[in-house]
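Next come the chains, spelled out residue by residue.
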Amino acid sequence: MSTLRLPPLPSIKNLLKIYKLHAVKQLSQNFILDQNLSDKIIRKTGNLSDCHVLEVGPGPGGLTRSILKHQPNKVIVVEKDKRFEPTLEMLADAFAAVNGNMEIIFDDIMRFNMTTVLPRTEAKAWTDKNPRIRLIGNLPFNISTPLIIKWLHAVCERTGPWEFGRTRMTLTFQKEVAERLIAEPSDLQRCRLSVMAQAWTKPILHFIIPGSSFVPKPDVDVGVVTFVPLTVPRTKHEFTIFEKVTRHIFSFRQKYSIRGIETLFPLEYRKELGQMMYKLSDLNPQTRPMQLTVEDIDKLVSAYKYLLEKHPEISFYEYRASRRIVSLSDTKDIEVVECTD
């Protein structure tokens, strides 16, 4: 695949010096200065030629340069930190000089509506091949997990970039999170995040980047992960209830999975309804959380929804709220309000 030669530009390292830019710890910023490494990451995103690429958190533009060299139809970068305006404008001007189109948006990706910058002409049917849209980002560690949960929710509901079809995304995560995303049943790393990612997408861990490749050097290594939305999801349930049951299951990782399931119910019904869920699901209540497949959890969610239909009052029960009230009852000089489960 041929790459585009951009006009001569200062290195990212030199740009940081010229504009006196440094990473802000509160924003979890870590820059990639090695252009060869940036090129390696972008090669894992697939063919970007004629694609609309939305890059999250470009910073000084290391990954952005590598994206531009693959001649996408348009590049949209969403950056929260306006200090990078001059370095990003320099890249936009260089891309324009070779008839490229790059748009810079300063906003918080957690709030930004991506559908406003993506063309409806690129929309595909869900069962069709992937649309010519890519999400790419070297994510700050402090938003990587909440952001992927938010985007998995959007994949489930086919909103945002997934209104256009099975949009692929390639993102960076700290190594431990990346390994959790791909962890299979019985893997000690398997957790709620593994199940949620694998229910609606196929996450692929391409390689691990040593922390020493970033400036400033983080305390952890970094994994590059691509998410390919599944044509047919592995669960038929809504994201919110599937996530709730999964979260409860993994809240007691080292115990039998029924221990977490029981916390879905008020104390007086806990044992009975917990056992009922496993009987309805035809699963062993002594299965450990990390042994459960996505399909197993799908069965448990079906059983939970059945019990909610039979006992609608339990839908209002919140385990954490009930624990807070119990803890208050052990505190002196505080009036205790009795929990009505």
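Residues numbered from 1 in each chain as written. Predicted model: local features only at pLDDT ≥ 70, side-chain atom pairs only at ≥ 80, totals over all residues. Heavy atoms only, no water.

Student: I keep staring at the sheet that holds strand β2 (residues 52-56) and nothing clicks. Help me out?
Tutor: In sheet architecture, strand pairing relies on hydrogen bonds along the backbone and comes in two forms, parallel and antiparallel. Taken together, 7 strands build an open sheet; the order of strands is β4-β3-β2-β5-β6-β9-β7 and the sheet is mixed. Pairing within the sheet leaves two strands with one partner each, and these edge strands are β4 (102-106) and β7 (201-209). The average angle at which neighbouring strand axes cross in this sheet is 20 degrees, direction not considered. Judged from the 5 bridges that link them, β2 and strand β3 (residues 74-79) form a sheet pairing that is parallel. Bridge pairing links L54 to I76 in β3. On the sheet, helix α6 (residues 175-182) packs against β6 (168-174), β7 and β9 (222-229) and is oriented at approximately 130 degrees with respect to β6. (Pairing = 2+ DSSP bridges. Helix = DSSP H or I, 4+ residues; strand = E, 2+ residues; numbered from the N terminus. Axes fitted to C-alpha atoms, helices over the stretch in contact; angles between N-to-C directions. Contact = heavy atoms within 4.5 Å.)

Student: Teacher, can you tell me more about the nonpolar core here?
Tutor: Soluble globular proteins tend to bury their nonpolar side chains together. In this structure, W151 and F173 are the most contacted members of the largest nonpolar core, which totals 63 residues. Mapped onto the domain boundaries, this core takes at least three residues apiece from domain 1 (12-229) and domain 2 (239-323). With sequence-adjacent residues up to four places away left out, F173 is seen in contact with L139, F141, S144, I148, A178, L181, D221, V222, G223, V225 and F227. Core analysis: the next-biggest nonpolar cluster, separate from the first, contains 31 residues, L48, I67, V75 and F95 among them. (Core = buried A, V, L, I, M, F, W, Y, C linked by side-chain atoms within 4.5 Å. Buried < 20%, exposed > 50% of the residue type's maximum accessible area, 1.4 Å probe, protein only. Domains from an automatic or database assignment.)

Student: Could you clarify how one ought to interpret the packing of helix α7 (residues 192-200) against helix α8 (residues 239-249) in this entry?
Tutor: The geometry of a pair of packed helices is captured by two quantities: the angle between their axes and the separation between those axes. It is at 9 Å that the axes of α7 and α8 come closest, and there the two elements cross at 150 degrees. Classified by the interaxial angle, the pair formed by α7 and α8 is roughly antiparallel. In terms of crossing hand, the pair formed by α7 and α8 is right-handed. Within the contact between the two elements, α7 uses R192, V195, M196, A199 and W200 and α8 uses F239, F242, E243, T246 and R247. (Parallel < 35°, antiparallel > 145°, perpendicular 65-115°, else oblique. Left-handed = near helix turned anticlockwise from the far one by under 90°.)

Student: I keep staring at a nonpolar patch on the surface and nothing clicks. Help me out?
Tutor: Taken together, the side chains of M276, L280 and Y306 define a hydrophobic patch exposed on the protein surface, amounting to about 260 Å² of accessible area. Along the polypeptide, M276 turns up in helix α10 (residues 270-281). Residue classification places M276 among the partly exposed residues on the basis of a relative accessible area of 34%. (Patch = residues over 30% accessible without salt bridge, like charges linked within 9 Å, V, L, I, M, F, W, Y side chains within 5 Å. Areas by Shrake-Rupley, 256 points an atom, 1.4 Å probe, with all protein chains shown as cover. Salt bridge = Lys/Arg side-chain N within 4 Å of Asp/Glu carboxyl O.)

Student: Can you help me understand the UniProt feature "binding site: S-adenosyl-L-methionine" (unreviewed entry) in the chain in this one?
Tutor: As annotated by UniProt and renumbered to match this structure, "binding site: S-adenosyl-L-methionine" (unreviewed entry) occupies N30, I32, G57, E79, D108 and N138. Tracing the backbone through its elements, the reader meets E79 in strand β3. If we ignore the near neighbours within four places in the chain, the residues touching E79 are G57, P58, G59, F84, L88, I105, F106 and D107. In this structure the side chain of E79 is engaged in a polar contact, spanning 2.8 Å, whose partner is the backbone nitrogen of G59. (UniProt positions renumbered as here; feature names shortened; annotations may be inferred. Polar contact = N/O pair within 3.5 Å; in protein donor to acceptor, adjacent residues only side chain to side chain.)

Student: Help me out: how do you make sense of the side chain of Q198 in this one?
Tutor: Secondary-structure assignment places Q198 in helix α7. Overall, Q198 belongs to the buried group, its relative accessible area being 4%. Among the polar contacts made by the side chain of Q198, one reaches the main-chain carbonyl oxygen of L181 at a distance of 3.1 Å.

Student: Any chance you could explain the packing of aromatic side chains here in plain terms?
Tutor: Geometrically, a pair of aromatic rings is defined through the distance of the ring centres and the angle of the planes. Enumeration over the complete set of coordinates arrives at 6 aromatic pairs. Ring centres 5.3 Å apart and planes at 35 degrees place the aromatic pair W200 and F239 in the tilted group. Pair noted here: W200 is in helix α7 and F239 is in helix α8, with a separation of 39 residues, a long-range link. Summarising the aromatic geometry, the rings of W200 and F242 are spaced 5.4 Å apart at their centres and angled 75 degrees between planes, so their arrangement reads as edge-to-face. Of the two residues, W200 is situated in helix α7 and F242 in helix α8; the sequence distance between them amounts to 42 residues. Each member of the pair, W200 as well as F242, carries the same accessibility label: buried. (Phe/Tyr/Trp six-rings, centres within 6.5 Å; stacked < 30°, edge-to-face > 60°.)

Student: Would you take a moment to explain the packing of α10 against helix α11 (residues 294-310) for this structure?
Tutor: Here α10 crosses α11 at 125 degrees, and the two axes come no closer than 8 Å. As the angle between them shows, α10 and α11 are arranged oblique. Both α10 and α11 take part in a crossing whose hand is right-handed. Taken together, the residues of α11 that come into contact with α10 (itself represented by L273, M276, M277, Y278, L280 and S281) are K299, L300, A303, Y304, Y306 and L307. The residue inventory of the contact of α10 with α11, partitioned by class, reads 10 nonpolar, 1 polar and 1 charged. (Nonpolar A, V, L, I, M, F, W, Y, C, P; charged D, E, K, R; others polar.)

Student: How do you make sense of the pattern of salt bridges when you look at a structure like this?
Tutor: For side chains of opposite charge, pairing can occur when their charged atoms come near one another. Applying the stated criterion across every chain, the model contains 16 salt bridges. E295 serves as the salt-bridge partner of R234, at 2.9 Å between the closest nitrogen and oxygen. You can see R234 sitting in the loop between β9 and α8 and its partner E295 sitting in helix α11, a full 61 residues away along the chain. In this structure E295 comes out as partly exposed when scored by relative accessible area, which is 33%.

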